[in-house]
Amino acid sequence: MSNNDRVIIFDTTLRDGEQSPGASMTKEEKIRIAKALERLRVDVIEAGFAIASPGDFDSVKTIAETIKDSTVCSLARAIDADIERAGEALAKANSGRIHTFIATSPIHMQYKLRMQPEQVIEQAVRAISKARSLCADVEFSCEDASRSEIDFLCRVVEAAIDAGATTINLPDTVGYAIPEHYAALVRELRNRVPNADKAIFSVHCHNDLGLAVANSLAAIDAGARQIECTINGLGERAGNAALEEIVMAIKTRQDVLGVHTRIDTPHILSTSRMVSGITGFPVQPNKAIVGANAFAHESGIHQDGVLKHRETYEIMTAQDVGWNTNKMVLGKHSGRNAFRSRLDELGIVLPSESDLNAAFARFKDLADKKHEVFDEDIQALVSDAISEEATEYYKLVSMEVASKTGEVPVAHLVLSIDGQEHHVESDGSGPVDATFKAIESVAQSGATLQLFSVNAITQGTDSQGEVTVRLELGGRVINGNGADTDIVMASARAYLNALNLLREGQAKAHPQAALV
Ligand SMILES: CC(C)(COP(=O)(O)OP(=O)(O)OC[C@H]1O[C@@H](n2cnc3c(N)ncnc32)[C@H](O)[C@@H]1OP(=O)(O)O)[C@@H](O)C(=O)NCCC(=O)NCCS
Ligand SMILES: CC(C)[C@@](O)(CC(=O)O)C(=O)O
């Protein structure tokens, strides 16, 4: 691929990203992020706005002295003092860039700068010359380019390149652009400005209409070869174009975009997490590339497709952006194939297809009650299914337990014992105690309860509770287990499981006695 096909990735997480209200970072945090960006192989790191404060100056200076593999850049208004401060901060950079800017739209020139267009051109030229006297690499931005008049923009850009700007940035400062129009603007400038070939054209898009990435990609087609973006799309107001989305769109759709970057994509996720952790801005689960669900499949039809041939539902690999693997989330939309594949991964072998079907039915019941079924849930559910399958003498048909402040809890249970239904009830010191007493009122096992333990198997109040009941009878000790989203129900299952196991053991030891 020729150099002409290479898109320069200019990251401004530390400058525009920090302009997100609430996202200010300390110097140490900025250095950590700068190192992560260098590892990601970002071409240019905009480290800050040196004149903004002594702290910002210090951050830019330290980053300039630390980073070796990326160009380090400081922003500066088109004012001598800003440019000198930027030059000072970048003095020791391996590769430094001064980025100066001035607004070129009628609304900004008239109301904000209170300057005539001719004065703006003059000031831009003076600033660029000054910057060039301090640094060979100078970027100039026509702030609010997308709302600027094209003829004026052409004059500013031509003068800026003549004055020595090596990169010309046409920002969509207020996120107003629409892809086709924005691409036309970039194309027209490159066609009309006589010295356009002496500079690299860049875009810097804001996300006010959710179009920052789309506008940036459209500009590539029009010849832009630098994209300014931020990790997680951080930035002023609705943010900037997200680096991870730009980079992965370029990589994934190389067939139509025909360009490439030098980003080492497997570092994307860790960088995203670092920025999110430092700024305290969480990444939404459905965020492209770096959201928790970006490579997760929950629906049975998709899971089945991915298991048979990953590309049926994935256009990138999870590993290519730093995830360990894609994720099959087992939930109520999942199917038998995904369930079977998870059992395989967990090393669970069910004796027959009918065992699998029974476990799958229990899984669907659980998934109706719970958002996500975790591995631990499945282990509990399967062992419960197997032990129930093995010993069906005592079975829970239904139950109802009443607990009320100031009143004694009462449990009503319908049990199936050797195929016959029994209605039992008891009170107790708590709902579990009442349940066990109700069971014993008919089972009369004579066993003593040695241990009762409840574990929330997974996080969250919608998780399954796993109950272990240890019973002792005539010197034999057995553990019964039960799992359910309702812990009293799980307790009943565990108790009945223990009784079944006790009975099974007795049947083996004394075949006659067990029939009584
Ligand atoms: C840069 C900064 C130190 C200037 O502070 P200040 O001198 O108190 O000035 P204000 O921020 O109140 O106002 C901005 C001034 O810069 C002028 N200005 C804005 N953009 C300019 C530009 N590109 N070139 C020259 N002057 C510019 C404004 O017209 C205004 O001038 P005025 O004071 O004569 O009206 C301060 O705004 C800051 O810390 N900014 C950092 C973050 C930031 O603004 N980022 C936006 C990136 S565009
Ligand atoms: C410096 C420039 C690229 C800017 O970030 C300036 C600004 O923050 O307004 C933009 O979005 O236009």
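Description of the structure in this document. None of the values given here were measured: they were computed from a predicted structure. (Residues numbered from 1 in each chain as written. Chains lettered and ligands numbered in written order. Predicted model: local features only at pLDDT ≥ 70, side-chain atom pairs only at ≥ 80, totals over all residues. Heavy atoms only, no water.)

In the neighbourhood of ligand 1, 13 residues make up the surrounding shell, with Gln19, Arg77, Ala78, Phe101 and Lys112 lying closest. Separating a nitrogen atom of ligand 1 from a side-chain N or O atom of Gln19 is a distance of 3.1 Å. Within the side chain of Arg77, a nitrogen or oxygen atom sits 2.9 Å from an oxygen atom of ligand 1. Starting from 970 Å² of accessible surface for ligand 1 in isolation, the protein chains cover 52%. Among the elements of the structure, strand E3 (71-77), strand E4 (96-103) and helix H4 (106-113) are those that each provide at least two residues to the shell around ligand 1. Looking at the shell around ligand 1 residue by residue, the classes come out as eight nonpolar, two polar and three charged. (Near = heavy atom within 4 Å. Polar contact = N/O pair within 3.5 Å; in protein donor to acceptor, adjacent residues only side chain to side chain. Areas by Shrake-Rupley, 256 points an atom, 1.4 Å probe, with all protein chains shown as cover. Helix = DSSP H or I, 4+ residues; strand = E, 2+ residues; numbered from the N terminus. Nonpolar A, V, L, I, M, F, W, Y, C, P; charged D, E, K, R; others polar.)

With that settled, the discussion passes to the site of ligand 2. Around ligand 2 lies a shell formed by Arg15, Asp16, Gln19, Leu75, His99, Ser141, Glu143, Asn169, Pro171, Thr173, His204 and His206. One nitrogen or oxygen atom from the side chain of Arg15 is found 2.9 Å from an oxygen atom belonging to ligand 2. Between His204 and ligand 2, the recorded distance is 3.1 Å, taken from a side-chain N or O atom to an oxygen atom. When the free accessible area of ligand 2 is taken as 310 Å², the share hidden by the protein chains comes to 91%. By residue class, the composition of the shell around ligand 2 is two nonpolar, seven polar and three charged.

Any two packed helices are characterised by how steeply their axes cross, that is the angle between the axes, and by the distance between the axes. Contact geometry of helix H8 (residues 212-221) with helix H9 (residues 243-252) gives a least axis separation of 10 Å together with a crossing angle of 45 degrees. Between H8 and H9, the angle falls in the class oblique. Judged by the twist between their axes, the crossing of H8 over H9 is right-handed. Facing Val213, Ser216, Leu217 and Ile220 of H8, the residues of H9 in contact are Glu245, Ile246, Ala249 and Ile250. Tallied by class, residues from the contact of H8 with H9 come to six nonpolar, one polar and one charged. (Axes fitted to C-alpha atoms, helices over the stretch in contact; angles between N-to-C directions. Parallel < 35°, antiparallel > 145°, perpendicular 65-115°, else oblique. Left-handed = near helix turned anticlockwise from the far one by under 90°. Contact = heavy atoms within 4.5 Å.)

What follows is about the environment of Ser20. Of note, Ser20 is situated in the loop between strand E1 (8-11) and helix H1 (27-39). A relative accessible area of 4% places Ser20 in the buried class. Linking Ser20 and Val283, residues 263 residues apart in sequence, is a C-alpha distance of 14 Å. Ignoring any residue separated from it by four or fewer positions in sequence, one finds Ser20 in contact with Leu234, Gly235, Glu236 and Phe281. (Buried < 20%, exposed > 50% of the residue type's maximum accessible area, 1.4 Å probe, protein only.)

Residues Ile9, Phe140, Val157, Ile168, Leu170 and Leu189 are the most contacted members of the largest nonpolar core, which totals 96 residues. The leading source of residues in this core is helix H6 (residues 150-162), at eight residues. Beyond its immediate chain neighbours, meaning those up to four positions away, Ile9 contacts Val42, Asp43, Val44, Ile227, Cys229, Leu243, Ile246, Val247, Thr261 and Ile263. The next biggest cluster of nonpolar side chains, apart from the first, holds 28 residues, and it includes Val467, Val488, Ala490 and Leu499. (Core = buried A, V, L, I, M, F, W, Y, C linked by side-chain atoms within 4.5 Å.)

With that out of the way, let us pick up the pairing of E1. Residue alternation in E1 divides its side chains into two sets, Ile8 and Phe10 and Ile9 and Asp11, and both sets are buried. Relative to strand E8 (residues 226-229), E1 is paired through four bridges, and the arrangement is parallel. Opposite Phe10, over in E8, you have Glu228 as the bridge partner. Here E1 runs beside strand E2 (residues 44-48); their pairing, made up of two bridges, is parallel. Across the sheet, residue Phe10 finds its bridge partner in E2, namely Val44. (Pairing = 2+ DSSP bridges.)

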